[in-house]
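Structure at a glance
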Amino acid sequence: MIPGKDTQVGKSEAPKEKYGTFALFDIEHFLRRILKSWYWFVFMFLIGYGISWVYSKYYAQNVYSSDLSLSISNNTSSYFSPNQSINFIWGQGGNQDGVYLKKMLFSRSHNEFLVKELNLFVNYSTKGLIKSTFLDKDDSPVFLEIDKKHLQQVDYPITLMPKDNGTYEVVLPKEGQSVSLYNYEKEGFQNIKPYNRPENKIIKVNEWYNSPNLRFKLVKNQVIPNIKQDVIIINLSTVNQSVNDIVSTIAVNFDKEINTIMVISKKGYNLNSTVNFLNKSVAELQKKRLEDKNIVNKNTTAYLQNNLNDIRKKLDSAAVVLNYLKTSEKLYNIKDRDEKSLEKIKDLEAKKADLVSKISSLNNIKNTLQSQNFDKMIATNAAGFEDGMFSASVSELKALYTKRSELASIYKPTSEPMKEVNRLINEAKTGSFSSLKNYYTKYYDEINRIDREVSNANSDLTTYPEKERKYLDAERGYNMIEATYNSLLNRQNEAQLNVATNQSDISVIDPAKNLGQGPVGPNVRMAKTGIIFGMLLLPLLFILVGELLDNKIRNIKELLSATKIPLLGVIGNNSNENMLTVLEQPKSSVSEAFRGIRASVRFLMDNKEEKGKVILITSSVGGEGKTYVSINLASVLGLSDKKTILLGMDLRKPKIFGDFKIDNKYGISNYLTGEVDIDQIVNKTKIPNLDVATSGPIPPNPSELLMSQRNIKFIEELREKYDFIIIDSPPVGLVADSYELMKYSDANIYVVRHEYTEKYMLRMITEKYHNNELEHLGLIYNDYTTKQGYGYGYGYGYGYGYGYFDEDKNYKEPLLIRMRNKMQRMFNKK
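Below is a short write-up of the structure. Note that this is a predicted model, so its numbers are computed, not measured.

**Observations regarding the pattern of salt bridges**
With the rule as written, the count across this model stands at 28 salt bridges. Between Asp147 and Arg215 there is a salt bridge whose closest N-O contact spans 2.8 Å. Of this pair, Asp147 sits in the loop between strand S4 (142-146) and strand S5 (158-162) while Arg215 is found in strand S11 (residues 214-220), placing the two residues 68 residues apart along the sequence. A salt bridge links Arg719 to Glu716; its shortest N-O distance comes to 3.5 Å. Highlighted residues: Arg719 and Glu716, both in helix H22 (residues 709-721), separated by 3 residues, approximately one helical turn. Residue classification places Glu716 among the partly exposed positions, given a relative accessible area of 32%. Each of Arg108, Glu112, Lys116 and Glu187 takes part in salt bridges that share partners, so that together they form one network.

**Some details on empty space enclosed by the protein**
Inspection of every chain in the model, using the stated rule, returns 2 cavities of 30 Å³ or more. Around the largest cavity, the lining residues are Leu24, Phe25, Asp26, His29, Glu547, Asp550, Lys552, Arg554, Asn555, Glu558 and Lys759. For the lining of the largest cavity, the class distribution of residues is 2 nonpolar, 2 polar and 7 charged. Considered as a void within the structure, the second largest cavity measures approximately 30 Å³ in volume. As for the second largest cavity, its lining consists of Arg598, Val601, Arg602, Met605, Ile615, Leu633, Leu637 and Phe724. No other element matches the 3 residues that helix H16 (residues 589-604) contributes to the lining of the second largest cavity.

**Describing the packing of helix H6 (residues 108-118) against helix H7 (residues 239-247)**
Packing of H6 against H7 leaves a shortest axis separation of 9 Å and a crossing angle of 115°. The angle between the axes of H6 and H7 places the two elements in the roughly perpendicular class. For the pair H6 and H7, the crossing hand works out as right-handed. For the pair formed by H6 and H7, the contact residues are Arg108, Asn111, Glu112, Val115 and Lys116 on the first element and Val239, Asn240, Ser242, Val243, Ile246 and Val247 on the second. Taken together, the residues that form the contact of H6 with H7 break down as 5 nonpolar, 3 polar and 3 charged.

**Some remarks on the nonpolar core**
Core analysis: the largest hydrophobic core is formed by 51 residues, its most contacted members being Leu70, Leu144, Ile158, Leu160, Phe216, Met262 and Ile264. With 6 residues, helix H8 (residues 271-328) is the single largest residue contributor to this core.

**Describing H6**
Since the α-helix packs 3.6 residues into each turn, any two residues three or four apart lie on the same face. Looking only at H6, the buried set comprises His110, Asn111, Glu112, Leu114 and Val115. At the N-terminal end of H6, a side-chain oxygen is found 3.3 Å from the backbone nitrogen of His110, two or three residues along, and the residue is Ser107. Just beyond H6, the residue with positive phi is Asn119, at close to 55°.

**Some remarks on the sheet that holds strand S14 (residues 261-268)**
In spatial order, the strands read S13-S14-S1-S15; together these 4 strands make up an open sheet with antiparallel pairing. Every other strand in the sheet has two partners, leaving strand S13 (250-254) and strand S15 (506-510) as the edge strands with one partner each. With direction set aside, neighbouring strand axes in the sheet form an average angle of 30°. Bridging between strand S1 (residues 64-72) and S14 involves 8 bridges; their strand directions are antiparallel. Bridging across to S14, Tyr64 finds its partner in Gly268.

**Overview of the environment of Ile749**
The topology assignment puts Ile749 in strand S22 (residues 747-753). Residues Ile749 and Ile617, 132 residues apart in the sequence, show an inter-C-alpha distance of 4.7 Å. Setting aside chain neighbours within four positions, we find Ile749 in contact with Leu568, Val601, Ile615, Leu616, Ile617, Thr618, Leu633, Gly778 and Ile780.

Conventions adopted
Residues numbered from 1 in each chain as written. Predicted model: local features only at pLDDT ≥ 70, side-chain atom pairs only at ≥ 80, totals over all residues. Heavy atoms only, no water. Salt bridge = Lys/Arg side-chain N within 4 Å of Asp/Glu carboxyl O. Helix = DSSP H or I, 4+ residues; strand = E, 2+ residues; numbered from the N terminus. Buried < 20%, exposed > 50% of the residue type's maximum accessible area, 1.4 Å probe, protein only. 1 Å grid on protein atoms, 1.4 Å probe; cavity = no way out; pocket = protein on both sides within 12 Å on 5 of 7 lines; lining within 4 Å. Points joined across faces, edges and corners; volume = space filled by probe spheres on them. Nonpolar A, V, L, I, M, F, W, Y, C, P; charged D, E, K, R; others polar. Axes fitted to C-alpha atoms, helices over the stretch in contact; angles between N-to-C directions. Parallel < 35°, antiparallel > 145°, perpendicular 65-115°, else oblique. Left-handed = near helix turned anticlockwise from the far one by under 90°. Contact = heavy atoms within 4.5 Å. Core = buried A, V, L, I, M, F, W, Y, C linked by side-chain atoms within 4.5 Å. Polar contact = N/O pair within 3.5 Å; in protein donor to acceptor, adjacent residues only side chain to side chain. Pairing = 2+ DSSP bridges.

What follows is the structure, given as structure tokens:
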């Protein structure tokens, strides 16, 4: 049975729409192409490794990180800066002080102060042969001090070249000077007239350098740097840019077990810079928090003292009235006093007096907010509450008012920045007054409750005579004023004690230190892996794209699976200079393949007729080897003592005559036009049983000639004389001549060339075959090459290296095969 040949039943059962449809992607061939292109992967790996090495050695900027841990105490009287929703956002609802401090660390006002205080808008670096290295301020032998009243150009590298006697040459870029300069006092840009590039100049320490776009002087660093710098490069940046750069490198985390402990970290290109910044940042926070707390406590003390003075006067007045009633009316010893009711009323009125005092403090806080006089703000505990949210909104409101004042000098009231800051002010005011309203409601509800209880208690005193009730009212008034006085006095003592013993509520546990920490970034290993992987990906993508765009037949199994047409044989690459492989290389594997095809073709034919058998050979397009197959198949038939004739019926492109060295002056085209007889076009060859009829001159009407009755009679006449008639017909992908000739053939061979034939070209022949429009059809897979030999799994080749074919004498096993065989011999030794 012919391998791959389907039975008639199988042909009808298979879904027709699947015939001729090939897989979009051949994974097996894709993997083979990858293995075949191994050298590209090695080459790209070496390139990727080289690039990654240069990157890590000369271009990767190390990023360092330092940490500082601190503890935050509770019950502070300061006003902080986070907004009201910050607890919910950061998930630290149980640690308001820590959340507020975190907000402060990220605030613009705090970091802007540090930028200006530490001159962090001046950036120092040095440059080697290729790589630049960022420096801490103390790593430079001199500091650059700018004149803030003079306009300065930012992002403009200033190179300092050390010279003799402590002098430095100021080298500026050859181009890049700008007319848009930065004003450090107003924090904005201004334009100036165009100017020529400033010349390089040698200056001494403390000598001012002047140019249209720069004014600065060099100040000697009192700390001698550990490393001598051959060149110092200084870049100025804007205050806003410096603040943004700092904020983006800060991280704050709370301890999981003790949420009042914070760990603050900062990343940067220089470890000393991060250490100095963290320590300075926390020191300023401690100082600011202590100042805020003292201001608030002092304001509270003064406020309570004024209230005490007023209450003292009222207390003295109430005492005079009470003493008068005791002496003049003799009411100091009332019989049958209801001491229980009186004591209850005294307690209730003392509570009411305390609430009234708290409401008075609330009024003071409210009036301070409305007047925007934040420097007179008193502590919230004077009003009987501790509300971090309210403190946050007040501090935010204060900062926003300050910001609006700054913006008012730059923008118009109707500008977008002014509208935005006004919107934020309204939000903060709404939050602040909303908090106060809640406490007003709470206190007034409590007073109303006390009034009701006092009213009920008074009903028990209605039985007393008028004079005695008058005395009791005076006594109650005195007690209420006295309770208010005592309450205020206690709060004043608390405020005075806070002022005397006040300390910052921030305690540093572990300051930031330079302990020689290694860089935390970039991840050089990952970067190197990414670069190498990316370079390896390039040939892989190239192969993948080529595979997806490649529409050529490369896989025998896929060919048979898609077409369901029998495979007659597989022919290897022709190493001969001409097409006469069977004649000139009879012991080659290709010749043996044609012998196998000779045997397989007989299975295609109907053996009922005894006349000569017609075998038509065609293909999709030219160049697929149909003429080569025709010549060699005819040769093996002739060599097997079968009288054979080879007909060159590809009238448009004659080929056969050249290999057999036959004159093509007269051929089939001449016979079909009636110019010559059969005897004049039939030529003898070296093989006694093989004749050849060439195509002859190219006619103007080849299709009409091939489909003419004369051609049909010509073939029938040859059947009587020859055992086999081999027809080299035109390609079916270009013309339809071969389809007409197939009606008169006994076997039809379709040649598919490895890595040449397009997949879509097989759809038509496949559909005709499975629609029963063509019969006796078989495939030949031509020009298949493999280093391991022709082991196709179908029995059509034996592979090189076994001393069977002529090619074996030049065969050399691949390296991997030789290594495998050597290992097998080693382990098989006894």
